[in-house]
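Architecture at a glance
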Amino acid sequence: GGPTAVADAAAGMAMQQHMQQQQQQQYGGRQQGPPGGVYYHDQHQGPPPPQDRQARAPKRQEPILPDADIRRVDDYQDQLYEDAMEHKVNGAKRILRVCTDVGNLEAIADHDTLLGVLSRELKENAKRSFELSVAIACTFLCFSHFSQFHPVLMHHQCGNVIMKVFEYESDRYQVRKGDMERRKMRFQELGETATAEDKRLLLKDEKKYRIQLSRQSKLIHVCLMALLNLAEEITTEKKMVNRKMPELLTQLLDRGQDDLLLAALGFMKKLSVFEDNKDLMSNPETLTRLVHLASHENVRIALLALRVLFNFSFDEALRSSLIESGIVKLLVDLLRNPPFRHIVLRLLYHFSMDDRCKSIMAYHRDGMIMLLQLVVHFPEARVGKDLVALVVNLATHPRAAEVMVGSGMFQAVMQRVTKTRDPLLSKVIRHVTSHPSALGQMMEVVDPKWTKEFVMIASKFVDDPDLLVELLGSLVNLTVEDANWGDLCEAGLVETLTRLLVSGFSEDDVVLECVMLVGNLANQHESAQYVGGSRLPGLLQQVLVDKQQDEEIVVQLLYTFQCLMLYEDVREHVLQETHLPTVVMRFARHSNAQVLEQATRTLQMVADHTGEGGSDWAEQVKAFRFEQHNSEWCRAAARDLSGSVSMSPGGYGFYDEHQSGAEEEEFAYRCANGYAMDAGDLADRDWGNQDVEQLMHTSRHMSIS
């Protein structure tokens, strides 16, 4: 047979060996010894259907490779030394035929000189005979399928020779391609003056070019598969990379042969897991070709192209380039095809880290609806992580959240959350409720009972912090008008919060959500009464003491106390049943600006209600505020009175000599009319009858709201 037939046979044999290798890895690892059996070109095609056997007479197929016997392998080797190329080709083909029997590979590998002779012949005569190159390359491919033969191949420099053939054929392809493009350009320049002979010659050249390209693709395919097998060793792979393998692979993406594209993409996928290789391959032209191949009619080629793009998508800059190439629309279209969903969801998840991609996804309404359908109809109790992670990211975008709510599927998503208690799916609800516009739509299309259901679920799953954070966070996002907080309190919300806020019971994330939710309850009079009549104020005070190092929790707690001062009956209960003065005043000199501002607001809220049931507390606030803004004088007075610097005159103990100068406030004593006063004048003043605002003048401006 001709060289193309030999290459076809070798490619078929290589594919069969590759499939067997995958099965062996799946059921027990890579084969370490050559099993018995003979591989023929059509060995696994299977018998034809009965009706076909009766309809046609059996046709004898001539063998593609000549008969060979392993006992005569020395004779075949001698033919390689002949001067006539046809004898060399015949000997190489017979050796290849022997190697198609996997049981013979070990004996061939143990031969003293055979592999070395084959390597030398391929190196010296690859440019002279295409048939010889194909036969020897296929022989090396047979060995490369087994890891135990790799050292033997490397010892005889078989991999190096194959790489040289691959480099030579790649360079020759570029030369032929450039020459063909120049001929087409010359013909186009002729325009209307081109004769029929010019057109005939161009068509002849194109036909010759296609034949050459087809023959060459077979050889490159065999070489590439052998190199891919040898690249299992990382040191060998690095040697190939140093010889510009990544760039050579990208040049093959414009080929039309499916087998060659599969081999090239498979090799690119392997190399692209390393950042340096990815940088060598990820040029704009390559990205464009990969995006084009992702829509190839051959499913295997499309999947491999998507997997290469997935490896590239870890790079933020490449994600931006791919988004500009229009890949998002392609991925949304591929999402409809089940074989592509797994890799497409992973790609979309990477792209969803970019706000531009979220906007584009929101524009493709059908894709958003499809994602929600996949969520609702997911066969397992917990939605797959790739799918739900993508939806979570999209829910952080206001427009995408609006599309979700208006898709007609959001009620089903909510029902799935209440049924399966999926924490990640609950996070989707939390993100959607964080957008005011989406929340308004959601309250119109979703059953209003969902808030009570969330409260009931939270009361039953207090030992699941991941779920609690999302459920409570969704309720925190609701405004006073969005929910009937009194009904939620009757449904057990206050009791659940009381249990969760017990010292040491919950994680910090859950504590933070609970504190914020109490702040929501305190903003409505009916629900604030439930809070005031419960153990929550005392628990919040204890949390403030326990979590004083967590500035975020401290700020939220101080704000919650401020909200509890809004209504008189609740305020009186909180002031009488707790010991907040010392606790809150401790944070009025905090180094964090947000903590300091919120503590000041809370103290001001109390001072504004002096005489309304909180007069004792207000007096303490006045004394503290005086000490706060006149710290230097208070220290001097403390020294004179007790000879100690550990306590202030008011007894709050905030001032000592170890405080840094940055923490001390420069100040001036001023009376109401603006004149400076000395320490004696200050001692004679009746502070209890003065307005609190007059005690707050310092040389540094402080805004009190």
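Residues numbered from 1 in each chain as written. Predicted model: local features only at pLDDT ≥ 70, side-chain atom pairs only at ≥ 80, totals over all residues. Heavy atoms only, no water.

**Considerations on the overall build of the protein chain**
Here is the rule we go by: Numbering of helices and strands runs from the N terminus; a helix is a DSSP stretch of H or I covering at least four residues, while a strand is a stretch of E covering at least two. When accessible area is computed with a 1.4 Å probe and restricted to protein chains, residues below 20% of their type maximum are described as buried, those above 50% as exposed, and intermediate ones as partly exposed. The criterion used for residue contact is that any of the two residues' heavy atoms lie within 4.5 Å. Note on areas: these come from Shrake-Rupley sampling with a 1.4 Å probe, and a residue is covered only by the protein chains present in the view.
If you tally the helices and strands in the protein chain, you get 40 helices and 0 strands. Residues counted as buried form 49% of the 705 residues belonging to the protein chain. Restricting to contacts in the protein chain with at least 6 residues of sequence separation, those with at least 24 account for 72%. Surface exposure of the protein chain reaches about 34100 Å², of which carbon and sulfur atoms provide 48%.

**A short note on the environment of V510**
Mapped onto the elements of the fold, V510 is located in helix 31 (residues 508-522). Residue class for V510 comes out buried when judged on its relative accessible area of 1%. Taking C-alpha positions, V510 is 9.6 Å from V462, a pair spaced 48 residues apart along the chain. V510 has contacts with P465, L468, V469, L472 and L500, leaving out every residue within four places of it along the chain.

**A word on the nonpolar core**
Put simply, the rule reads: In this text, buried Ala, Val, Leu, Ile, Met, Phe, Trp, Tyr and Cys residues form a nonpolar core when linked through side-chain atoms within 4.5 Å.
The biggest cluster of nonpolar side chains holds 199 residues, and the ones touching the most others in it are F166, L224, M245, L306, M404, V432 and L501. For this core, the element with the most residues is helix 7 (residues 130-144), which contributes 11 residues. Other than its neighbours up to four places away in sequence, F166 contacts I220, C223, L224, L227, M245, L248 and L252. In terms of nonpolar packing, the next biggest core, distinct from the first, is built from 5 residues, Y173, M180, L202 and Y209 among them.

**Things to note about helix 7**
Working note: α-helix, 3.6 residues per turn, so residues spaced by three or four point in the same direction. Basically, it comes down to this: Multiplying one less than the number of residues by 1.5 Å gives the expected span of a helix. What qualifies as a polar contact is a pair of N or O atoms within 3.5 Å, subject to a donor-acceptor requirement within protein and to the restriction that residues adjacent in sequence count only when both atoms come from side chains.
Here helix 7 is 15 residues long and its end C-alpha atoms lie 21 Å apart, about the 21 Å a rise of 1.5 Å per residue gives. The buried fraction of helix 7 amounts to 14 of the 15 residues, a majority that puts the element mostly inside the structure. Taking the backbone nitrogen of L132 as reference, a side-chain oxygen 3.1 Å away marks S129 as the first, capping residue of helix 7.

**Notes on the packing of helix 32 (residues 525-532) against helix 35 (residues 568-577)**
What counts, and what does not: Lines fitted to C-alpha atoms define the axes here, with helix axes fitted over just the stretch in contact, and angles between the N-to-C directions of these axes take values from 0 to 180 degrees. Orientation is classified from the angle alone, with under 35 degrees giving roughly parallel, over 145 giving roughly antiparallel, 65 to 115 giving roughly perpendicular, and any other angle giving oblique. When the near helix sits turned anticlockwise from the far one by under a right angle, the crossing is termed left-handed; a clockwise turn instead gives a right-handed crossing. Amino acids are sorted into nonpolar (Ala, Val, Leu, Ile, Met, Phe, Trp, Tyr, Cys and Pro), charged (Asp, Glu, Lys and Arg) and polar (every other residue, Gly among them).
Put simply, helix 32 and helix 35 touch, their axes get as near as 9 Å, and they point 15° apart. For the element pair helix 32 / helix 35, the angle class is roughly parallel. Note on packing geometry: the crossing formed by helix 32 with helix 35 is left-handed. Along its contact with helix 32, which presents H525, A528, Q529 and G532, the element helix 35 presents D569, V570 and H573. Of the residues that constitute the contact of helix 32 with helix 35, the class distribution is 2 nonpolar, 4 polar and 1 charged.

**A short note on helix 9 (residues 158-190)**
Its 33 residues give helix 9 an end-to-end C-alpha distance of 48 Å, which sits within 8% of 48 Å, the value for a rise of 1.5 Å per residue. G191 lies just past helix 9 and shows a positive phi near 60°.

**Describing the side chain of S217**
Here S217 shows up in helix 10 (residues 196-230). Among the polar contacts made by the side chain of S217, one reaches the side chain of Q257 at a distance of 3.2 Å. Not counting chain neighbours up to four residues away, the residues in contact with S217 comprise R255, Q257 and L260.

**Structural notes on the environment of C138**
Along the chain, C138 turns up in helix 7. In this structure C138 comes out as buried when scored by relative accessible area, which is 0%. When the C-alpha atoms of C138 and A226 are compared, they prove to be 8.3 Å apart, with 88 residues separating the residues in sequence.

**Some remarks on a negative patch on the surface**
Here is the rule: Patch membership needs two things, relative accessible area over 30% and no salt bridge, and members are linked within 9 Å if like-charged or within 5 Å if nonpolar (Val, Leu, Ile, Met, Phe, Trp, Tyr). A pair is scored as a salt bridge if a Lys or Arg side-chain nitrogen falls within 4 Å of a carboxyl oxygen belonging to Asp or Glu. When charges are counted, Lys and Arg contribute as positive and Asp and Glu as negative, whereas His and the chain ends are disregarded. By convention, the point assigned to a charge is CZ for Arg, NZ for Lys, CD for Glu and CG for Asp.
On the surface, a cluster of negative charge is contributed by D74, D78, E82 and D83. Along the chain, D74 turns up in helix 3 (residues 73-79). Here D74 falls in the partly exposed class, since its relative accessible area comes to 42%.

**With respect to the packing of aromatic side chains**
Filter applied, for reference: Stacked, edge-to-face and tilted labels apply to pairs of Phe, Tyr and Trp rings (six-membered ring for Trp) whose centres lie within 6.5 Å, assigned for plane angles under 30 degrees, over 60, and everything in between, in that order.
The tally for this structure, following the rule as stated, stands at 4 aromatic pairs. For the ring pair F143 and F149, a centre distance of 5.5 Å and an interplane angle of 80° mean the geometry is edge-to-face. Plain terms: the ring middles of W450 and F454 are 5.0 Å apart, the flat faces sit at 85° to each other, and that makes the pair edge-to-face. Of the two residues, W450 and F454 are both situated in helix 27 (residues 450-460); the distance of 4 residues between them amounts to about one turn of the helix. Connected via pairs of aromatic rings, a cluster forms that spans F143, F146 and F149.

**Here we look at the confidence of the model for the protein chain**
In low-pLDDT segments, the atomic positions of the prediction should not be examined closely. Selection criterion: Each residue gets a pLDDT score, which is the predictor's confidence in that residue and runs from 0 to 100.
With 77% of its residues at a pLDDT of 70 or more, the protein chain shows a mean pLDDT of 79. Note that pLDDT drops below 50 for residues 1-7; the model gives that stretch 20 contacts with residues more than four away or on any other chain. Low pLDDT, under 50, characterises residues 17-47; the stretch is placed with 49 contacts to residues that sit more than four places away or in other chains.

**Some points on the pattern of salt bridges**
Close approach of charged atoms lets side chains of opposite charge pair. For the structure on display, the rule yields 28 salt bridges. In this structure, D69 engages R71 in a salt bridge whose closest nitrogen and oxygen atoms are separated by 2.7 Å. Notably, a salt bridge pairs R356 with E324, separated by 3.7 Å at the nearest N-O pair. Of this pair, R356 sits in helix 20 (residues 355-363) while E324 sits in helix 17 (residues 316-324), and the two are 32 residues apart along the sequence.

**Observations concerning the state of the cysteines**
So the rule is basically this: Criterion for a disulfide: a pair of cysteine sulfur atoms within 2.5 Å.
What the rule picks out here adds up to 0 disulfides. The thiol of C142 is unpaired, and the distance to the nearest cysteine sulfur, on C99, comes to 5.7 Å.

**Details of the packing of helix 23 (residues 398-405) against helix 26 (residues 436-445)**
Geometrically, a packed helix pair is captured by the angle between its two axes and the distance between the axes. Viewed as axis vectors pointing N to C, helix 23 and helix 26 meet at an angle of 10°, and their least axial separation amounts to 9 Å. The orientation of helix 23 with respect to helix 26, classified from their angle, is roughly parallel. Contacts between helix 23 and helix 26 pair A401, E402 and V405 from the former with S437, A438, Q441, M442 and V445 from the latter. Residues belonging to the contact of helix 23 with helix 26 are distributed by class as follows: 5 nonpolar, 2 polar and 1 charged.

**Here we look at the environment of Q411**
By secondary structure assignment, the location of Q411 is in helix 24 (residues 410-420). Its relative accessible area of 25% is what places Q411 among the partly exposed residues. Spatially, the C-alpha atom of Q411 lies 5.5 Å from that of V446, the residues being 35 residues apart in sequence. Once residues within four sequence positions are removed from consideration, Q411 is found in contact with V445, V446 and D447.

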